[in-house]
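The lines below spell out each chain.
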Amino acid sequence: MDLRFSAEDEAFRREARDWLDGNLTGDFAAARGLGGTGSEDEGFDVRLAWEQHLGKNGWTCIGWPVEYGGRGASLVQQVIWAEEYTRADAPARVGHFGENLLGPTLIEFGSDEQKARFLPPIVRGEELWCQGYSEPDAGSDLANVKTRAALDGGEWSVTGQKVWTSLAQWAQWCFVVARTGADADGPKHRGLSFFLVPMDQPGRIEIRPIVQITGGAEFNEVFFDDARTSPDNVVGAPGDGWRVAMGLLGFERGVSTLAQQIGFARELDRVVALARANGRARDPVVRQRLADAWIGLQLLRYNALRTMSASSPGPEASISKLHWATWHRALGELAVDVAGLGVRNVDERLETLFLFTRADTIYGGSNQIQRNILGERVLGLPKEPKP
């Protein structure tokens, strides 16, 4: 892949930079730097208004095809937008699940009617989504989900529990993997369906925030008790949910990593600034670790681009999750070491970074699971023996 910038790309960079500089002003000036890892509930109202402002001006979903409301931006232009967004210290996006996960999944697997109904509100920032995958007994082992759905009175009735559901308290919709039909008690990968479920169902959907060690509560438990959704809101055919769910995880492992790196770069900048301010950057060991962190972030970028260049994400996309989770956890440890023991008045964001990244190598598929996927499905190694 040629990552040199063409004249057209540089013109796009100037357009993006000028627009951000001219719009992160007034009420939006206070939104600079808000949100991100462990702080997703920070400044949510102004960040939502910013999301809708982006949509109104054509700066959401820029990599989507033009016919679905995007700009049809090239991979390089998407990178440029991420770089300029970081440079401007713009707030963390609130439309991640819709723009980077559900939207590409609907473009790949959804019906024309689903695309027409759900894609435009994502582009406009008017409807937010959350992800109904993990359960108390189904985290990395997604095929172990117990939530069930059955047709009842012309609608699908969904009953079960999801957990670690990010931003569910603000989402209007949730994409849910549930067991359906006669195969519900069969092999774990069969009998799954992929549903789009409206969240505004008092008495049928209950959201319980989970307070984290960081003090925030962006994660939630979500209880579905005969929650209803239309038969038109099944993506793919009933029973085809595993294929759709795996397709979505491919987008999560690849395309969305570029957006995620916006926050990563900002965090690394804070760690470097602290090291320079307190003199720790003069320590050769610390200086080498800072350099390694910067190099690792560039490798994340290149791997994300490689993954995005595939026509459809495959199991190789697990490289991204394994890489960024390990890198980000190490950055949290580096932040603490740069700050030093017993130091007061350190940037609270760096403390949050360390605490939150303890979970990075666990959620979304643990490092061990990612290595198994790569070993078995990419390298063709034999499966681990079952106990």
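Look a little higher up for the structure.
Reading guide: rules and limits
Residues numbered from 1 in each chain as written. Predicted model: local features only at pLDDT ≥ 70, side-chain atom pairs only at ≥ 80, totals over all residues. Heavy atoms only, no water. Helix = DSSP H or I, 4+ residues; strand = E, 2+ residues; numbered from the N terminus. Rg over C-alpha atoms; globule rule 2.2 N^0.38 Å. Buried < 20%, exposed > 50% of the residue type's maximum accessible area, 1.4 Å probe, protein only. Areas by Shrake-Rupley, 256 points an atom, 1.4 Å probe, with all protein chains shown as cover. Lys, Arg positive; Asp, Glu negative; His and termini not counted. Charge placed at Lys NZ, Arg CZ, Asp CG, Glu CD. Pairing = 2+ DSSP bridges. Core = buried A, V, L, I, M, F, W, Y, C linked by side-chain atoms within 4.5 Å. Contact = heavy atoms within 4.5 Å. Salt bridge = Lys/Arg side-chain N within 4 Å of Asp/Glu carboxyl O. Expected span 1.5 Å × (residues − 1). Phe/Tyr/Trp six-rings, centres within 6.5 Å; stacked < 30°, edge-to-face > 60°.

Observations concerning the overall build of the chain
Here is step 1 of the chain: The secondary structure content of the chain amounts to 11 helices and eight strands.
Here is step 2 of the chain: Its C-alpha atoms give the chain a radius of gyration of 21 Å, within 12% of the compact-globule value 21 Å for 387 residues.
Here is step 3 of the chain: With respect to the principal axes defined by its C-alpha atoms, the chain has extents near 65 × 50 × 45 Å.
Here is step 4 of the chain: When the 387 residues of the chain are sorted by exposure, 51% land in the buried category.
Here is step 5 of the chain: Just so you have it, the chain exposes about 17800 Å², and 53% of that area is on carbon and sulfur atoms.
Here is step 6 of the chain: For the chain, the centre of its 42 positive side-chain charges and the centre of its 52 negative side-chain charges are spaced 5 Å apart.

Examining the pairing of strand S1 (residues 129-132)
Here is step 1 of the chain: Neither face of S1 is open: one carries Trp 129 and Gln 131, the other Cys 130 and Gly 132, and all of them are buried.
Here is step 2 of the chain: Here S1 pairs with strand S4 (residues 173-179) via four bridges, running parallel. Across the sheet, the residue bridging to Gln 131 is Phe 175, located in S4.

Details of the nonpolar core
Here is step 1 of the chain: Among the nonpolar cores identified, the biggest contains 29 residues, and Leu 102, Trp 129, Tyr 133, Phe 175, Phe 194 and Leu 196 are the most heavily contacted of them.
Here is step 2 of the chain: Counting only elements with at least two residues in this core, the list comes to helix H4 (96-109), helix H5 (112-124), S4, strand S5 (192-198) and helix H6 (241-253).
Here is step 3 of the chain: Sequence-distant contacts of Leu 102, that is, excluding residues within four places in its chain, are made with Phe 97, Ile 122, Trp 129, Phe 175, Phe 194, Leu 196 and Leu 248.
Here is step 4 of the chain: Ala 265, Leu 297, Ala 325 and Leu 353 belong to the second largest nonpolar core, which has 20 residues in total.

Concerning the pattern of salt bridges
Here is step 1 of the chain: Under the counting rule described, the total for this entry stands at 24 salt bridges.
Here is step 2 of the chain: When the shortest N-O distance is used, the salt bridge between Asp 226 and Arg 204 registers 2.7 Å. On the criterion of sequence distance, the pair formed by Asp 226 in strand S7 (residues 219-229) and Arg 204 in the loop between S5 and strand S6 (205-210) is long-range, its members being 22 residues apart.
Here is step 3 of the chain: When its relative accessible area of 23% is taken as the criterion, Asp 226 is described as partly exposed.
Here is step 4 of the chain: Look at the salt bridges and you will find they share partners, linking Glu 10, Arg 13, Arg 17, Asp 21, Glu 83, Glu 84, Arg 87 and Arg 301 into a network.

Concerning the pairing of S4
Here is step 1 of the chain: Burial runs high along S4: seven of the seven residues are buried.
Here is step 2 of the chain: Of the two faces of S4, the one holding Trp 173, Phe 175, Val 177 and Arg 179 and the one holding Cys 174, Val 176 and Ala 178 are both buried throughout.
Here is step 3 of the chain: Strand direction decides the pairing type here: S4 and S5, joined by seven bridges, are antiparallel. In the sheet register, Trp 173 faces S5, and the bridge partner there is Pro 198.

So, helix H11 (residues 367-378)
Here is step 1 of the chain: Helix length check: H11 (12 residues) gives 15 Å between terminal C-alpha atoms against 16 Å at 1.5 Å per residue, within 8%.
Here is step 2 of the chain: Residues of H11 that are buried include every one of Asn 367, Gln 370, Ile 373, Leu 374 and Gly 375, and no others.
Here is step 3 of the chain: Remark: Gly 380 follows H11 within two positions and exhibits a positive phi of approximately 75°.

With respect to the packing of aromatic side chains
In this description, a pair of aromatic rings is defined by centroid distance and the angle of the planes.
Here is step 1 of the chain: One pass over the full model with this rule turns up 20 aromatic pairs.
Here is step 2 of the chain: Centre to centre, the rings of Phe 118 and Trp 173 are 4.9 Å apart; their planes meet at 80°, and the pair counts as edge-to-face. Of this pair, Phe 118 sits in helix H5 while Trp 173 sits in strand S4, and the two are 55 residues apart along the sequence. Residue Phe 118 shares its accessibility class with Trp 173, and that shared class is buried.
Here is step 3 of the chain: Seen in terms of ring centroids, Phe 264 and Trp 327 are 5.4 Å apart; in terms of plane orientation they differ by 35°. Their pairing is tilted. Of the two residues, Phe 264 is situated in helix H7 (residues 255-278) and Trp 327 in helix H9 (residues 318-339); the sequence distance between them amounts to 63 residues. Here Phe 264 matches Trp 327 in class, with each residue buried.

Examining unusual backbone geometry
Here is step 1 of the chain: Positive phi outside glycine occurs at Trp 164, with the angle close to 60°.
Here is step 2 of the chain: Checked against the element boundaries, Trp 164 lands in the loop between strand S3 (155-162) and S4.
Here is step 3 of the chain: Although it is not a glycine, Leu 167 sits at a positive phi angle of roughly 60°.
Here is step 4 of the chain: Along the chain, Leu 167 falls in the loop between S3 and S4.
Here is step 5 of the chain: The buried category is assigned to Leu 167, whose relative accessible area is 8%.

Honestly, that's just the spatial picture; any functional story needs more than this.
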